[in-house]
Amino acid sequence: MESSCELVALPLLKTPIESNYRACTIPYRFPSDDNPNKPTTTELSWIQVFLNSVPSFRKRAESDDTVVDAPIRAEKFAQRYTEILEDFKKDPESHGGPPDGILLCRIREQVLRELGFRDIFKKVKDEENAKAISLFDGVVRLNDAIEDEAKRMENLVRGIFAGNLFDLGSAQLAELFSKDGMSFMASCQNIVPRPWVIDDLDAFILKLGRKSWKKAVIFVDNSGADIILGILPFARELLRRGTQVVLAANDLPSINDVTYPELIQIISKLKDENGQLVDVDASNLLITNSGNDLPVIDLTSVSQELAYLASDADLVILEGMGRGIETNLYAQFKCDSLKIGMVKHLEVAQFLGGRLYDCVFKYTEVLT
């Protein structure tokens, strides 16, 4: 089962799209790799990344009590997806290849759904959302207490990075989470020091001091601390400055990413009886279905609703490693854009020339 809505290109992409846009950031294969039946070193490296994630996905699937015979089906998932990945090693052209990050994610979701698994991370998402909702008020008031605007914005950005650690698609982080859980406040303190591997924060803050954007579209990432303690305090700051904010969330579940129906519930729990988010009017906060069903995104395939709402936006924000780094890091837009996320795969760190758990804050201003 894939997204049921008809998909169109995001109207904010620089045109012509065919020559200006490629979703995947890291090329697995170059024109010089002239043998289509021989895997490249990069392909093999990334196939291994996905192989490494199979045990954590199988474990989540085994405990899905909404699926009959979940342990048996989980084992079938692990076997079938592993076989497909091994096939790619022998012949990159198999299974609709050559493989890239989008195809490897899509096949994993397809195998899960064919076996009856719709949302294997549902339980942990619900638990983490409840925890984060209880902390939202305190996190927001701590930010509000910072009078210096530049320091407040940097603190909000650090909150996004700290929240973005809640990513169960990363094999290492999934293992860490299952052992120890994660503390948002501790994560804020442990963000790698600046300058980050891509660090345009100062330029963004300078622009913020000169003017406000009229409408920002934010492609959101994970449930829990990421959306509630990272993105929403940041979005609230934009609202306070007069920017209309559109939050675009996945149509269908994928890993621990927040979905459109879940985000509607979260916002309704956070708003007070006056429709405010901790003393800030939230009437200009809109939530939309992105039409996406993966932890990465191809911006030539978004929902018509999102395309309509985004058509007059002057700021696009892609948050998270999947949407803002592994895909779309070099995407060009007709308006200002921000790609923000934490590097949680060693292969991405090596490609960017940074450190594991380094941060990306890539701001591009379009001069009009």
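Every value quoted in this text rests on a predicted model; they were computed, and no experiment measured them.

Attention now moves to the pattern of salt bridges. Under the counting rule described, the total for this entry stands at 30 salt bridges. Between Arg240 and Glu237 there is a salt bridge whose closest N-O contact spans 2.8 Å. With Arg240 and Glu237 both in helix α10 (residues 225–240) and three residues apart, the pair spans about one turn of that helix. Taken together, the salt bridges that share partners define one network made up of Asp144, Glu149, Arg152, Arg236, Glu237, Arg240 and Arg241.

Helix-helix packing is described using two parameters, namely the angle between the two axes and the distance between the axes. Here helix α5 (residues 122–144) crosses helix α11 (residues 260–270) at 25 degrees, and the two axes come no closer than 11 Å. Comparing the axis directions of α5 and α11 gives the class roughly parallel. Handedness of the α5/α11 crossing: right-handed. Along its contact with α5, which presents Lys122, Lys125, Asn129, Ile133 and Phe136, the element α11 presents Glu262, Ile266, Lys269 and Leu270. Split by residue class, the contact of α5 with α11 holds four nonpolar, one polar and four charged.

What follows deals with the pairing of strand β9 (residues 315–319). Buried residues dominate β9, accounting for five of its five residues. Inspection of the sheet shows strand β3 (residues 215–219) paired to β9 by four bridges, in the parallel sense. When the sheet's bridge partners are listed, Val217 is paired in β9 with Val316. By the bridge criterion, five bridges tie β9 to strand β10 (residues 336–342) in an arrangement that is parallel. Across the sheet, residue Ile317 finds its bridge partner in β10, namely Leu338.

Secondary-structure assignment places Ser223 in the loop between β3 and α10. What makes Ser223 buried here is its relative accessible area of 0%. In terms of polar contacts, Ser223 uses its side chain to reach the backbone amide nitrogen of Val258, at 3.5 Å.

The next point concerns the packing of aromatic side chains. Enumeration according to the criterion identifies nine aromatic pairs in this entry. Taking 5.9 Å as the distance between ring centres and 15 degrees as the angle between the ring planes, the aromatic pair formed by Phe77 and Tyr81 counts as stacked. On the criterion of helical spacing, the pair formed by Phe77 and Tyr81 is a turn pair, its members being four residues apart in helix α3 (residues 70–90). Here Phe77 matches Tyr81 in class, with each residue buried. The ring centre of Trp196 lies 5.3 Å from the NZ or CZ of Arg194, which sits over that ring.

Below, the discussion takes up the nonpolar core. Among the nonpolar cores identified, the biggest contains 66 residues, and Leu10, Phe117, Phe219, Leu299 and Phe333 are the most heavily contacted of them. Non-local contacts of Leu299, meaning those with residues more than four positions away in its chain, are made with Val8, Ala9, Leu10, Leu13, Tyr21, Phe219, Leu318, Asn328 and Phe333.

On to helix α6 (residues 149–164). Here α6 contains 16 residues, and its C-alpha end-to-end distance of 23 Å stays within 8% of the 22 Å for a straight helix at 1.5 Å per residue. N-cap assignment for α6: the residue whose side-chain oxygen lies 3.1 Å from the backbone N of Ala150 is Asp148.

It is worth spelling out the environment of Ser212 at this point. As for its position among the elements, Ser212 is in the loop between α9 (201–210) and β3. Once residues within four sequence positions are removed from consideration, Ser212 is found in contact with Arg241 and Thr243. Polar contacts involving the side chain of Ser212 include one to the main-chain carbonyl oxygen of Arg241, which spans 3.1 Å.

Here the focus is the pairing of β10. The side chains of a regular strand alternate between both faces of the sheet. With seven of seven residues buried, β10 lies mostly within the body of the structure. A two-sided burial pattern is seen for β10, the buried positions comprising Asp336, Leu338, Ile340 and Met342 on one face and Ser337, Lys339 and Gly341 on the other. In this view, the connection linking β9 to its parallel neighbour β10 by way of helix α13 (residues 321–326) has right-handed handedness. Bridge analysis of β10 against strand β11 (residues 359–364) gives six bridges, and the strand direction is antiparallel. Bridge pairing in β11 places Ser337 opposite Thr364.

For Arg323, the position within the fold is in helix α13. Given a relative accessible area of 2%, Arg323 falls into the buried group. Here the side chain of Arg323 touches Asp221 through a polar contact of 2.9 Å, side chain to side chain. Among the polar contacts listed, one links the side chain of Arg323 to the backbone oxygen of Leu294, at a separation of 3.2 Å. In this view, Arg323 contacts Phe219, Val220, Asp221, Asn250, Asp257, Asn292, Leu294, Pro295, Val296, Ile297, Leu318 and Asn328; residues no more than four positions away in its chain are not counted.

Turning our eyes to something else, we now look at unusual backbone geometry. Here the amide bond leading from Thr15 into Pro16 is cis, since omega sits at -5 degrees, within 30 degrees of zero. Mapped onto the elements, Pro16 comes out in the loop between β1 (7–8) and α1 (17–20). Between Arg194 and the following residue, Pro195, the backbone shows a cis peptide bond with an omega angle of 0 degrees. With respect to the secondary-structure elements, Pro195 resides in the loop between α8 (184–189) and β2 (198–199). At Ile255, a residue that is not glycine, the phi angle is positive and equals roughly 50 degrees.

Reading guide: rules and limits
Residues numbered from 1 in each chain as written. Predicted model: local features only at pLDDT ≥ 70, side-chain atom pairs only at ≥ 80, totals over all residues. Heavy atoms only, no water. Salt bridge = Lys/Arg side-chain N within 4 Å of Asp/Glu carboxyl O. Helix = DSSP H or I, 4+ residues; strand = E, 2+ residues; numbered from the N terminus. Axes fitted to C-alpha atoms, helices over the stretch in contact; angles between N-to-C directions. Parallel < 35°, antiparallel > 145°, perpendicular 65-115°, else oblique. Left-handed = near helix turned anticlockwise from the far one by under 90°. Contact = heavy atoms within 4.5 Å. Nonpolar A, V, L, I, M, F, W, Y, C, P; charged D, E, K, R; others polar. Buried < 20%, exposed > 50% of the residue type's maximum accessible area, 1.4 Å probe, protein only. Pairing = 2+ DSSP bridges. Polar contact = N/O pair within 3.5 Å; in protein donor to acceptor, adjacent residues only side chain to side chain. Phe/Tyr/Trp six-rings, centres within 6.5 Å; stacked < 30°, edge-to-face > 60°. Lys NZ or Arg CZ within 6 Å of the ring centre and 35° of its normal. Core = buried A, V, L, I, M, F, W, Y, C linked by side-chain atoms within 4.5 Å. Expected span 1.5 Å × (residues − 1). Right-handed = clockwise from strand over helix to strand, strands pointing away.

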